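Residues per chain, in single letters:
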Amino acid sequence: MSHCSARASCAWGLRRSASSCRCSPRFYRALLGNRVFGPLIRDWREHRAVPLRAKLMAITAIVLVLGSSVLFAVSHPAPRLGLASFGAGLCIWLWRLPT
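So, here is what we can say about the structure in this document.

## Notes on the overall build of the protein
Line of reasoning, step 1. Helix and strand counts for the protein stand at five helices and zero strands.
Line of reasoning, step 2. Starting at the N terminus and ending at the C terminus, the protein contains elements arranged as α-α-α-α-α.
Line of reasoning, step 3. Counting all 99 residues of the protein, 28% fall into the buried class.
Line of reasoning, step 4. In the protein, of all internal contacts separated by at least 6 residues, the share reaching a separation of at least 24 is 59%.

This is the structure:
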């Protein structure tokens, strides 16, 4: 996995971790001090903003993963529609976040 794709795929998980890791101040400081993830977490905590590049990479990953699941892994129409609707809603929500 390349450095850029790792950054995009981990961005949301790290943001969530940053908001809930207050129980471990040492881990929280380590996350904020990280040169790759620290700025992403600080932007999210201070401005509720996501960089455009991270948005585009996340949306691309969502479309590829959920799209392939809808096309190849799920055979019944109802779960396909649910999965596609969830993915569309997630992409819309992500795109509407401030940059």
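There is more to say after this.
## Re the packing of aromatic side chains
Line of reasoning, step 1. In the structure shown here, the tally under the stated rule is zero aromatic pairs.
Line of reasoning, step 2. Positioned above the aromatic ring of Trp95, the side-chain terminus of Lys55 is 5.6 Å from the ring centre.

## A few points about the packing of helix H4 (residues 52-73) against helix H5 (residues 77-96)
Line of reasoning, step 1. Contact pair H4 / H5: the axes reach a minimum separation of 10 Å and the direction vectors enclose 175°. As judged from the angle between their axes, H4 and H5 are roughly antiparallel. Mapping the contact onto sequence places Leu52, Lys55, Leu56, Ala58, Ile59, Ile62, Val63, Leu66, Ser69, Val70 and Leu71 in H4 and Arg80, Leu83, Ala84, Phe86, Gly87, Leu90, Cys91, Leu94 and Trp95 in H5.
Line of reasoning, step 2. Here the residues of the contact of H4 with H5 sort into 16 nonpolar, two polar and two charged.

## Quick look at the packing of helix H2 (residues 25-33) against helix H3 (residues 38-47)
Line of reasoning, step 1. As a packed pair, H2 and H3 sit with axes 6 Å apart at the nearest point and diverge in direction by 105°. On the basis of the axis angle, H2 is roughly perpendicular to H3. Contacts from Tyr28, Leu31 and Leu32 of H2 reach H3 at Gly38, Ile41, Arg42 and Arg45.
Line of reasoning, step 2. Grouping the constituent residues of the contact of H2 with H3 by class yields four nonpolar, one polar and two charged.

## A word on H3
Line of reasoning, step 1. Of the positions making up H3, those classed as buried are Gly38, Leu40, Ile41 and Trp44. All buried residues of H3 project into a common sector of 165° when viewed along the axis, lining one side. Relative to its buried face, H3 has exposed residues pointing more than 90 degrees away, namely Glu46 and His47.
Line of reasoning, step 2. Note on H3: the residue one or two positions beyond its end, Arg48, has a positive phi of about 55°.

## Here's the deal with the environment of Ile59
Line of reasoning, step 1. The residue Ile59 is located in helix H4 in this model.
Line of reasoning, step 2. Placed 35 residues apart in sequence, Ile59 and Leu94 show a C-alpha to C-alpha distance of 7.6 Å.

Reading the values: rules and limits
- Residues numbered from 1 in each chain as written.
- Predicted model: local features only at pLDDT ≥ 70, side-chain atom pairs only at ≥ 80, totals over all residues.
- Heavy atoms only, no water.
- Helix = DSSP H or I, 4+ residues; strand = E, 2+ residues; numbered from the N terminus.
- Buried < 20%, exposed > 50% of the residue type's maximum accessible area, 1.4 Å probe, protein only.
- Contact = heavy atoms within 4.5 Å.
- Phe/Tyr/Trp six-rings, centres within 6.5 Å; stacked < 30°, edge-to-face > 60°.
- Lys NZ or Arg CZ within 6 Å of the ring centre and 35° of its normal.
- Axes fitted to C-alpha atoms, helices over the stretch in contact; angles between N-to-C directions.
- Parallel < 35°, antiparallel > 145°, perpendicular 65-115°, else oblique.
- Nonpolar A, V, L, I, M, F, W, Y, C, P; charged D, E, K, R; others polar.
- Arc of directions from axis to C-beta.

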